[in-house]
Amino acid sequence: MLSALDLARRIEAGELTPRAVIELCAQAVAAREEEIGAFSAIDLAAARQVAERSGLARAPLRGLPVGIKDIFETAELPTAYGSPIYAGHQPKTDAATVMLVKRAGGIVLGKTVTTEFASLEPAGTRNPHNLAHTPGGSSSGSAAAVAAGMLPLALGSQTGGSVIRPAAFCGVVGFKPSYRLLPTVGMKCFSWSLDTVGLFAASVADAAFAAGTLTGRELRLDGRQPAAPVIVRPKLEDEASPSMQNAVERATHAAEKAGAKIKEIELPPIFGEAARAHRVIQGYEAFRALAFEYDDHRDRLGATLRQQLDEAATFDVNAYDDARRTARRARRALIELLADGEVILQPSAPGAAPHGLASTGTPTFNRLWTLMGTPCVNVPGFVDPAGMPLGVQIIARFGRDRFALAAAAFLEQAMAHAGDV
């Protein structure tokens, strides 16, 4: 994989040029894109041209190439939202976060494959670690492209588990920031209460560098050994596979050995209620956000999304308001449960990427935290008996994004020193 931070430092030192980094990506694209299918559109010629601009190497992102999930509007590349309804659609403007990338000196290399409207409908991208397995979704192409070394950075989004899960399946770092830390203006809406812009990178430091650059916040890690956090470990649900349960145990042991304090808890019932409320909130809003597509082009929607929206049509406003009240109670309970200096450790997914491309997996361990609006970081480093990546996630309180990243970096280093990577 390509380290964004390492490439940026080498460009800053004059050892590399932005154009040279584009060529590194182009080589990986030529070698692997045909079999993986991570991109819905790519323009290497345009990227090469932008890379020659004067002063780009001094910009905050140093001219690094970035992949843009194809639910973000782009004025220079088609935006189909993963749907045949919008085949060849060419927006007139860039989404707000795409402009943040450009203003920071990032180069848009291409659009990465998304599932249909960022839903559960698979899109055909394959997992770089084993082409017979899904890369996860909905940010399928972004996770796969970073894993295959075709990009150092990529944008994604999460409404259920669409950043953390594919990051885990592909063995990369996925960062879902606090809700609204990055703007969703110009991004196809699925659920306005849940949609969250996220990032994919090779390491936690790379993700922190990119997130800090795009948001203007002090998120970048300083390279020193992060302080040991208190790690809160909820009781594992039965949905976690034996391999995933073992991965969580190994991560816990590595963190404790490195100096972290471990605190075992059982999540109060309100969090189970909130996880179930997510389905109602997401469905109610999706049925309205995709009203045009459902009412006027229902026959062109994928079977999975049609079924999802058919069910969502049955959710009335009372059920929606009840679900929102449940979410508010759970957010208040989380403030009482998780103190400053504490993070939660959970699986990023029930297990490794499922075999086949008929499903992108399930957001079992993601829905609750998306609803809570909390920062989450997938930390890769384990594999199952078949050699497929397993990831664990660090979760912090809302707005504690730098602390979440620092705790994830601590765990990343602890796992490496323990010989688990």
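Our subject is the structure that appears above.
This structure is a prediction, so every number in the text was calculated from the model and none was measured.

J.: Explain the overall build of the chain to me, please; I cannot follow it from the model alone.
T.: Each helix and strand counted, the chain has 14 helices and 11 strands in total. Here the chain has a C-alpha radius of gyration of 20 Å; the compact-globule value for 421 residues is 22 Å, and the two agree. Across its three principal directions, the C-alpha atoms of the chain cover 55 × 55 × 40 Å. Residue burial in the chain is summarised as follows: out of 421 residues, 59% are buried.

J.: Explain the packing of helix H1 (residues 4-12) against helix H7 (residues 204-215) to me, please; I cannot follow it from the model alone.
T.: A pair of packed helices is captured by two measures, namely the crossing angle of their axes and the spacing between those axes. Two elements in contact, H1 and H7, have axes whose closest approach is 7 Å; the angle formed by their N-to-C orientations is 65 degrees. On H7, the residues touching Ala4, Leu5, Asp6 and Ala8 of H1 are Ala205, Asp206 and Phe209. Its residues placed into classes, the contact of H1 with H7 shows 5 nonpolar, no polar and 2 charged.

J.: Is there a simple way to think about the nonpolar core in this case?
T.: Nonpolar side chains tend toward joint burial in soluble globular proteins. Counting residues in each nonpolar core, the largest one holds 115 residues, and the members touching the most others are Leu64, Phe72, Phe117, Met150 and Leu411. Counting 27 residues, the second-largest nonpolar core is a separate cluster that includes Val232, Ala277, Val280 and Ala330.

J.: Can you walk me through the layout of surface pockets in this structure?
T.: In this approach the atoms are scanned with a rolling probe the size of a water molecule, which exposes any empty space left behind. By volume, the largest pocket amounts to about 520 Å³. Together, 21 residues line the largest pocket, and Glu237, Glu239, Phe271, Gly272 and Ala275 are the ones closest to its centre. Of all the secondary structure elements, the ones that give two or more residues to the lining of the largest pocket are helix H9 (269-289) and helix H13 (367-372). It is H9 that contributes the most residues to the lining of the largest pocket, 5 residues altogether.

J.: Would you take a moment to explain the pairing of strand S10 (residues 376-383) for this structure?
T.: Look at any regular strand and the pattern is simple: side chains alternate between the two faces of the sheet. Most of S10 is tucked away: 6 of the 8 residues are buried. Here strand S5 (residues 173-176) pairs with S10 via 3 bridges, running antiparallel. When the sheet's bridge partners are listed, Phe175 is paired in S10 with Val377. As paired strands, S10 and strand S11 (residues 389-395) are joined by 7 bridges and run antiparallel to one another. For Pro380, the partnering residue across the bridge sits in S11 and is Gly391. Here S10 folds back onto S11, and the loop between the two strands holds 5 residues, one of which, Gly387, carries a positive phi near 85 degrees.

J.: It is not clear to me how the packing of aromatic side chains should be interpreted in this structure. Could you clarify?
T.: Geometrically, a pair of aromatic rings is defined through the distance of the ring centres and the angle of the planes. Summed over all chains, the structure comprises 5 aromatic pairs. Consider the rings of Tyr81 and Tyr86, whose centres lie 4.9 Å apart with planes at 85 degrees: the pair is edge-to-face. In this structure, Tyr81 and Tyr86 share a single accessibility class: buried. An aromatic cluster is built from Tyr81, Tyr86 and Phe117, whose rings are joined through pairwise contacts. One Lys or Arg, Lys188, reaches over the ring of Tyr81 and ends 5.6 Å from the middle of that ring. Between Arg288 and the ring centre of Tyr284, over which it is positioned, the NZ or CZ distance is 3.6 Å.

J.: Honestly, empty space enclosed by the protein in this entry has me stumped. Any pointers?
T.: Taken as a whole and assessed by the stated rule, the structure comprises 2 cavities of 30 Å³ or more. Looking at the largest cavity, the residues that line it are Pro122, Ala123, Gly124, Thr125, Thr134, Pro135, Gly136, Ser140, Leu357 and Thr360. What lines the second largest cavity is simply Leu61, Val66, Val101, Leu153, Leu155, Leu199, Ala210 and Leu214. Of all the secondary structure elements, the ones that give two or more residues to the lining of the second largest cavity are strand S4 (153-158) and H7. Its residues assigned to classes, the lining of the second largest cavity comprises 8 nonpolar, no polar and no charged.

J.: Can you walk me through the pattern of salt bridges in this structure?
T.: Any two side chains of opposite charge can pair, so long as their charged atoms come close to each other. Under the criterion given, the structure shown has 21 salt bridges. For Glu23, the salt bridge identified is with Arg48, shortest N-O distance 2.7 Å. Highlighted residues: Glu23 in helix H2 (residues 18-36) and Arg48 in helix H3 (residues 44-51), separated in sequence by 25 residues. Judged by its relative accessible area of 25%, Glu23 falls in the partly exposed class. Exposure remark for Arg48: the relative accessible area of 24% places this residue in the partly exposed category. Linking Asp322 and Arg325 is a salt bridge whose minimum nitrogen-to-oxygen distance equals 2.5 Å. Of this pair, Asp322 and Arg325 both sit in helix H12 (residues 317-337), 3 residues apart, which is roughly one turn of that helix. On the basis of relative accessibility, which here comes to 41%, the residue Asp322 falls in the partly exposed class.

Definitions and cut-offs
- Residues numbered from 1 in each chain as written.
- Predicted model: local features only at pLDDT ≥ 70, side-chain atom pairs only at ≥ 80, totals over all residues.
- Heavy atoms only, no water.
- Helix = DSSP H or I, 4+ residues; strand = E, 2+ residues; numbered from the N terminus.
- Rg over C-alpha atoms; globule rule 2.2 N^0.38 Å.
- Buried < 20%, exposed > 50% of the residue type's maximum accessible area, 1.4 Å probe, protein only.
- Axes fitted to C-alpha atoms, helices over the stretch in contact; angles between N-to-C directions.
- Contact = heavy atoms within 4.5 Å.
- Nonpolar A, V, L, I, M, F, W, Y, C, P; charged D, E, K, R; others polar.
- Core = buried A, V, L, I, M, F, W, Y, C linked by side-chain atoms within 4.5 Å.
- 1 Å grid on protein atoms, 1.4 Å probe; cavity = no way out; pocket = protein on both sides within 12 Å on 5 of 7 lines; lining within 4 Å.
- Points joined across faces, edges and corners; volume = space filled by probe spheres on them.
- Pairing = 2+ DSSP bridges.
- Phe/Tyr/Trp six-rings, centres within 6.5 Å; stacked < 30°, edge-to-face > 60°.
- Lys NZ or Arg CZ within 6 Å of the ring centre and 35° of its normal.
- Salt bridge = Lys/Arg side-chain N within 4 Å of Asp/Glu carboxyl O.

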